[in-house]
Amino acid sequence: MLPIVLLSVFGIINLFLGFLRSNRTLMPFVLVVLALVFGLNLLDWNHAGSISGLFDSPYVTQMLTVDNYSVAFSGIVLLTALLLLPFSRSYVVAGEPNLAEYYSLLLFSLVGAIMMVSYNHLIMLFVGIEILSISMYCLAGSDKRNVRSNEAALKYFLQGAFATGILLFGIALLYGATGTFQLSELATAIAAPANQTLLPMLYVGVLMVVIGIGFKVSAAPFHFWTPDVYEGTPMFFTAFMSTVVKTAGFAAFLKLLVVALPAASSVWLPTIAAMCVLTLLLGNVGAAVQTSAKRMLAYSSVSHAGYLLLGLVAGQGKLSGPAAQGIFFYSLAYSVATVAAFGVLKLVADQRQREDYTGLAGLGRTNPLLAFVLTVAMLSLGGIPLTGGFFGKFFIFMAVAPVNIWLVVFAVTMSMVGIYYYLRPVIAMYLRPAEPGNEAPIVVDGFQSATLVVLAIITLVLGILPGFLSDLL
């Protein structure tokens, strides 16, 4: 649990660094912090508890647990934040007065994300979700002079508050039916014959918890906030929201279903399957009709929630095996490609003031590196071979096929729709001339260029050597 402590402490220290006259020290400080925490997190691999030994108290282990599952998903969220941070340089250059607060909120939100993948107690799941969500509510409205940003924050907060209430009510019903918040004890209590008389309360609680977490991961029909919130939120925080929040949400979702609720699968399995079909359909069709690249990626995020829901359908009562491995690999490939896509779009939007496809026109001639990285990201998100996204979908489909082949057929069909809208930015970059006034190259500093190259390399390595990470869990 050392990453949680360090992120909390450094988040507070970073707030005091905001008193400095120059904010140019903030980004290097946060980069070092994230790199340090990422490395310490990896040191917990294959340790049944924190390597420090400071957090092995039964009071802690009953609430949070450190295992390979939590280390793997914590690694994804920390790596995502680390690779995304260089694209906040425009805030540094502009002298953003609230930059220290923004960075601290990001560090605090990572605390919530790590709690969500490490929880062993439903109260800790709730606390993790709230720490992450409240930080995101603030960051969604960080552009206070922009009406769309204010609208995004208000919509996100109001709908998030309702979802939180539903989630908490569901947790209360689960406790009422079983008498415990511990995941393993929940599973035992639900399977006990003596609890059969409490099944109505239990089933309602399970459905309410599924609805509450379904909102957090943008699963249909609880996804309607996503396009508007993603569009109004500043691009940098949109990228964070669509990767870190989704990865932590699905890691928590899988852990809840396969560890605490396997005996209630007759209730949640049909519900998850129906949500999966609806999410894939609405996400892909919605993305196909968008003219804004940013809004397209918002609906795309919904569709990817559908593919990850497939992995939940294949859950087999343990945090290892094909389902967990598929969700892990998919989350990593999706996060890397999404950071690359939003990174390029942010650079374009900052200098061309356009978020639609016309802002990308001619980018293949003016900025070949940006065009190449965005192309790799789009191909990966579309599931084209030799990219990480292809094997992400492949592992998910292989895990689900023995359970429900028709869901796989439907998902493959929706993937074909996805290829259409993912190729639209590529066509705009290479086959359309730049708009008048946009003929000048986009200015990209060396650090951002290096980060984009690293993102493209990771995406291609995941597509060429998938076995390197596919058997991690």
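Residues numbered from 1 in each chain as written. Predicted model: local features only at pLDDT ≥ 70, side-chain atom pairs only at ≥ 80, totals over all residues. Heavy atoms only, no water.

Undergrad: Even after reading the chapter, I still don't get the overall build of the protein chain, so can you show me in this structure?
TA: Counting secondary structure elements, the protein chain contains 21 helices and zero strands. Taken over C-alpha atoms, the radius of gyration comes to 21 Å for the protein chain, in line with the 23 Å a tight globule of 473 residues would show. Projected onto the principal axes, the alpha-carbon positions of the protein chain cover approximately 75 × 55 × 45 Å. Taking all contacts inside the protein chain whose residues are at least 6 apart in sequence as the whole, residues at least 24 apart take part in 80%. As presented, the protein chain carries roughly 17,400 Å² of accessible surface, and 71% of it is formed by carbon and sulfur atoms. Charged side chains in the protein chain number 20 positive and 18 negative. The centres of these two groups are separated by 6 Å. (Helix = DSSP H or I, 4+ residues; strand = E, 2+ residues; numbered from the N terminus. Rg over C-alpha atoms; globule rule 2.2 N^0.38 Å. Contact = heavy atoms within 4.5 Å. Areas by Shrake-Rupley, 256 points an atom, 1.4 Å probe, with all protein chains shown as cover. Lys, Arg positive; Asp, Glu negative; His and termini not counted. Charge placed at Lys NZ, Arg CZ, Asp CG, Glu CD.)

Undergrad: When you look at empty space enclosed by the protein in this model, what are you seeing that I'm missing?
TA: Rolled over the atoms, a probe as big as a water molecule pinpoints where empty space is left. Applying the stated rule across the entire model yields five cavities of 30 Å³ or more. Roughly 70 Å³ of volume is contained in the largest cavity. Contributing to the lining of the largest cavity are Met1, Pro3, Ile4, Asn41, Asp44, Val66, Ser70, Val71, Ser74, Ile114 and Ser118. Where the lining of the largest cavity is concerned, the elements lending two or more residues are α1 (2–17), α4 (68–84) and α6 (99–118). Here the lining of the largest cavity is built from residues that sort into six nonpolar, four polar and one charged. (1 Å grid on protein atoms, 1.4 Å probe; cavity = no way out; pocket = protein on both sides within 12 Å on 5 of 7 lines; lining within 4 Å. Points joined across faces, edges and corners; volume = space filled by probe spheres on them. Nonpolar A, V, L, I, M, F, W, Y, C, P; charged D, E, K, R; others polar.)

Undergrad: Looking at this structure, how should I read the packing of aromatic side chains?
TA: When we look at a pair of aromatic rings, we describe it by the centre distance and by the angle of the planes. The final tally for this structure, using the stated rule, is 24 aromatic pairs. With a centroid separation of 6.1 Å and an interplanar angle of 80°, the aromatic rings of Phe391 and Phe394 are classed as edge-to-face. Taken together, the positions of Phe391 and Phe394, both in helix α18 (residues 388–400) and three residues apart, correspond to about one turn of that helix. The exposure class assigned to Phe394 is partly exposed, which follows from its relative accessible area of 36%. Among the aromatic residues, ring-to-ring pairing joins Tyr137, Tyr156, Phe157, Phe215, Trp225 and Tyr230 into one connected group. The ring of Tyr91 has Lys346 lying over it, and the distance from NZ or CZ to the ring centre is 5.2 Å. (Phe/Tyr/Trp six-rings, centres within 6.5 Å; stacked < 30°, edge-to-face > 60°. Buried < 20%, exposed > 50% of the residue type's maximum accessible area, 1.4 Å probe, protein only. Lys NZ or Arg CZ within 6 Å of the ring centre and 35° of its normal.)

Undergrad: Help me out: how do you make sense of the layout of surface pockets in this one?
TA: In this structure, the largest pocket occupies an estimated 640 Å³ of space. Lining the largest pocket are 27 residues; nearest its centre among them are Tyr91, Asp143, Pro234, Met235 and Asp350. Every element with two or more residues in the lining of the largest pocket is listed here: α5 (89–93), α8 (147–178), α11 (225–232), α12 (235–260) and α15 (322–352). Here the lining of the largest pocket gets three residues from one element, more than from any other, and that element is α15. A per-class count over the lining of the largest pocket returns eight nonpolar, eight polar and 11 charged. Space inside the second largest pocket adds up to approximately 340 Å³. Contributing to the lining of the second largest pocket are 17 residues, with Phe38, Leu79, Phe328, Leu332 and Leu469 lying nearest its centre. Put simply, the parts of the chain that give the lining of the second largest pocket at least two residues each are α2 (26–42), α4, α15, α20 (446–464) and α21 (467–470). Sorting elements by how many residues they give to the lining of the second largest pocket places α4 first, with five residues. The residue makeup of the lining of the second largest pocket, split by class, is 16 nonpolar, one polar and no charged.

Undergrad: How should the environment of Tyr334 be read in this particular structure?
TA: Counting through the fold element by element, Tyr334 comes out in helix α15. Classification of Tyr334 by relative accessible area gives buried; the value is 6%. Taking the C-alpha atoms as reference points, Tyr334 and Thr243, 91 residues apart in sequence, are found 7.6 Å from one another. Once you skip the residues sitting within four places of it in the chain, Tyr334 turns out to touch Ser242, Thr243, Lys246, Ser301, His304 and Leu381.

Undergrad: I would appreciate a short explanation of the pattern of salt bridges in the present structure.
TA: Once their charged atoms are close, side chains differing in charge can pair, the charge on each being opposite to the other. Taken as a whole, this structure holds eight salt bridges when the rule is applied. The partner of Glu231 in a salt bridge is Arg295, with the nearest N and O atoms 2.7 Å apart. In this pair, Glu231 is assigned in helix α11 and Arg295 in helix α14 (residues 293–313), connecting sequence segments 64 residues apart. There is no split in this pair, since Glu231 and Arg295 are both buried. Taken together, the shared-partner salt bridges connect Arg148, Glu151, Lys155, Asp228, Glu231 and Arg295 into one network. (Salt bridge = Lys/Arg side-chain N within 4 Å of Asp/Glu carboxyl O.)

Undergrad: What's the story with the nonpolar core in this structure? I'm lost.
TA: Ranked by size, the top nonpolar core spans 170 residues in total, and within it Leu34 and Ile272 carry the most contacts. Sort the elements by how many residues they give to this core and α15 lands first, with 20 residues. In contact with Leu34, not counting residues within four places along its chain, are Leu7, Leu78, Ala81, Leu82, Leu85, Leu107 and Leu110. (Core = buried A, V, L, I, M, F, W, Y, C linked by side-chain atoms within 4.5 Å.)

Undergrad: What's the story with the side chain of Arg295 in this structure? I'm lost.
TA: Since its relative accessible area comes to 17%, Arg295 is described here as buried. Within the local environment of Arg295, its side chain forms a polar contact with the side chain of Glu231, the two groups lying 2.7 Å apart. Other than its neighbours up to four places away in sequence, Arg295 contacts Pro227, Asp228, Glu231 and Gln290. (Polar contact = N/O pair within 3.5 Å; in protein donor to acceptor, adjacent residues only side chain to side chain.)

Undergrad: How do you make sense of unusual backbone geometry when you look at a structure like this?
TA: Negative phi is the rule for most residues except glycine; trans is the rule for most peptide bonds. Here the bond from Ala220 into Pro221 is cis, since omega is 5°, no more than 30 degrees from zero. For Pro221, the position within the fold is in the loop between α10 (199–216) and α11. Phi at Ser218 is positive, roughly 65°, even though this residue is not glycine. Of the residues examined, Ser218 reaches a relative accessible area of 1% and is grouped as buried. One non-glycine residue, Leu386, lies in the positive phi region at around 70°. Structurally, the position occupied by Leu386 is in the loop between α17 (368–382) and α18.

Undergrad: Teacher, can you tell me more about helix α9 (residues 183–191) here?
TA: Note: α-helices contain 3.6 residues per turn, so residues at a spacing of three or four share the same orientation. For α9, every residue scored as buried is listed here: Leu183, Leu186, Ala187, Ala189 and Ile190. Where α9 is buried, its residues contact α7 (122–140), α8, α10 and α12.

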